[in-house]
Amino acid sequence: MSKDKKQDGKSWAIKITFLTFILSMSFNVISEALVGNAGLIGALFVLFAIIAIGIICDMVGTAVTAEGVAPFNAMAANKVKGARKAVDLVSKASQVSNICNDVIGDICGIISGATVAIIIVKIAAIYNLKETVVISIILNGLVAALTVGGKALGKHISMNNSTEIVRKAAVFVELFSFRRRKS
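If you're wondering where the values come from, they're calculated on a predicted model, not measured in any experiment.

**Re unusual backbone geometry**
In most cases, non-glycine residues show a negative phi, while peptide bonds are predominantly trans.
Working step 1: With a phi close to 55°, Lys-79 is a non-glycine residue in the positive phi region.
Working step 2: Inspection of the secondary structure puts Lys-79 in the loop between helix H3 (70–77) and helix H4 (83–91).
Working step 3: Its identity is not glycine, yet Asn-128 carries a phi of approximately 50°, on the positive side.
Working step 4: Its place among the elements puts Asn-128 in the loop between helix H5 (93–126) and helix H6 (133–160).

**Comments concerning the side chain of Thr-147**
Working step 1: By the secondary structure assignment, Thr-147 is in helix H6.
Working step 2: Non-local contacts of Thr-147, meaning those with residues more than four positions away in its chain, are made with Ile-51 and Ile-55.

**Brief notes about the state of the cysteines**
Working step 1: Enumeration according to the criterion identifies zero disulfides in this entry.
Working step 2: Cys-100 supplies the cysteine sulfur nearest to Cys-57, a cysteine that is in no disulfide, at a spacing of 5.2 Å.
Working step 3: Of the residues examined, Cys-57 reaches a relative accessible area of 15% and is grouped as buried.
Working step 4: Given a relative accessible area of 11%, Cys-100 falls into the buried group.

**Comments concerning helix H7 (residues 162–175)**
Working step 1: With 14 residues, H7 should reach 20 Å at 1.5 Å per residue; the first-to-last C-alpha distance of 20 Å fits that figure.
Working step 2: Looking at H7, one finds that the buried residues are Ser-162, Ile-165, Val-166, Arg-167, Ala-169, Ala-170 and Val-171.
Working step 3: Buried residues along H7 sit in contact with helix H2 (40–66), H3, H4 and H6.

**Observations regarding the nonpolar core**
Generally speaking, soluble globular proteins have nonpolar side chains that are buried together.
Working step 1: Among the nonpolar cores identified, the biggest contains 38 residues, and Phe-72 and Val-166 are the most heavily contacted of them.
Working step 2: The set of elements that each furnish at least two residues to this core consists of helix H1 (3–36), H2, H3, H4, H5, H6 and H7.
Working step 3: Ranked by the residues each element gives to this core, the list is headed by H5, at twelve residues.
Working step 4: Apart from residues no more than four positions distant in its own chain, Phe-72 is found in contact with Glu-67, Ala-83, Ala-86, Val-87, Val-90, Thr-163, Val-166 and Arg-167.

**Thoughts on the packing of H5 against H6**
Working step 1: Direction vectors running N to C along H5 and H6 enclose 155°, while the axes themselves pass 10 Å from each other. The orientation of H5 relative to H6 falls into the category roughly antiparallel. In terms of crossing hand, the pair formed by H5 and H6 is right-handed. Where H5 approaches H6, its residues Asn-101, Gly-105, Ser-112, Val-116, Ile-119, Ile-120 and Ile-123 are matched on the opposing element by Ile-135, Ser-136, Leu-139, Asn-140, Val-143, Lys-151 and Lys-155.
Working step 2: When the residues that make up the contact of H5 with H6 are grouped by side-chain class, the tally is seven nonpolar, five polar and two charged.

**Topic: a nonpolar patch on the surface**
Working step 1: A cluster of nonpolar side chains, Phe-18, Phe-21, Ile-22 and Met-25, forms an exposed patch at the surface whose accessible area comes to about 410 Å².
Working step 2: Mapped onto the fold, Phe-18 is located in helix H1.
Working step 3: Among the residues examined, Phe-18 registers a relative accessible area of 56% and is labelled exposed.

Scoring rules and cut-offs
- Residues numbered from 1 in each chain as written.
- Predicted model: local features only at pLDDT ≥ 70, side-chain atom pairs only at ≥ 80, totals over all residues.
- Heavy atoms only, no water.
- Helix = DSSP H or I, 4+ residues; strand = E, 2+ residues; numbered from the N terminus.
- Contact = heavy atoms within 4.5 Å.
- Disulfide = S-S within 2.5 Å.
- Buried < 20%, exposed > 50% of the residue type's maximum accessible area, 1.4 Å probe, protein only.
- Expected span 1.5 Å × (residues − 1).
- Core = buried A, V, L, I, M, F, W, Y, C linked by side-chain atoms within 4.5 Å.
- Axes fitted to C-alpha atoms, helices over the stretch in contact; angles between N-to-C directions.
- Parallel < 35°, antiparallel > 145°, perpendicular 65-115°, else oblique.
- Left-handed = near helix turned anticlockwise from the far one by under 90°.
- Nonpolar A, V, L, I, M, F, W, Y, C, P; charged D, E, K, R; others polar.
- Patch = residues over 30% accessible without salt bridge, like charges linked within 9 Å, V, L, I, M, F, W, Y side chains within 5 Å.
- Areas by Shrake-Rupley, 256 points an atom, 1.4 Å probe, with all protein chains shown as cover.
- Salt bridge = Lys/Arg side-chain N within 4 Å of Asp/Glu carboxyl O.

What follows is the structure, given as structure tokens:
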């Protein structure tokens, strides 16, 4: 491996570590605020939203690694919305996959566990329970099953629909892009 590639790898690792730290704190503050101020049903809704975000990001990460640049170059030539950004995403598949699958996916997994803990406290308070071990085991098992099962289904969908998933992800990313591109 060349010295430049080693340096790029180290630079990326430092950047992604910092990004993970910032995103994790941000997601945690948002989820704590939402769950803390919500009733039991609202907290469960937030929990399922966190799981869904993890699954959707995993699908995008899988799709960018499964897809090639060629379909998006053709779409970009025809000025299809999101095509140029899709070329960027696929060209940086390793980094996009790392962010989607590892960073966001892992953060969602950790935060869903913390959210389950808050939900268990809410259930204990509502029903005046002193023992919550069984509820904890069931909820954690449910979260793990939904996460793993959802990601398994998502990977299957991503492998079969990678072009459309990457294009839609590119359109979404463009909504939040601060840089203006010349037309």
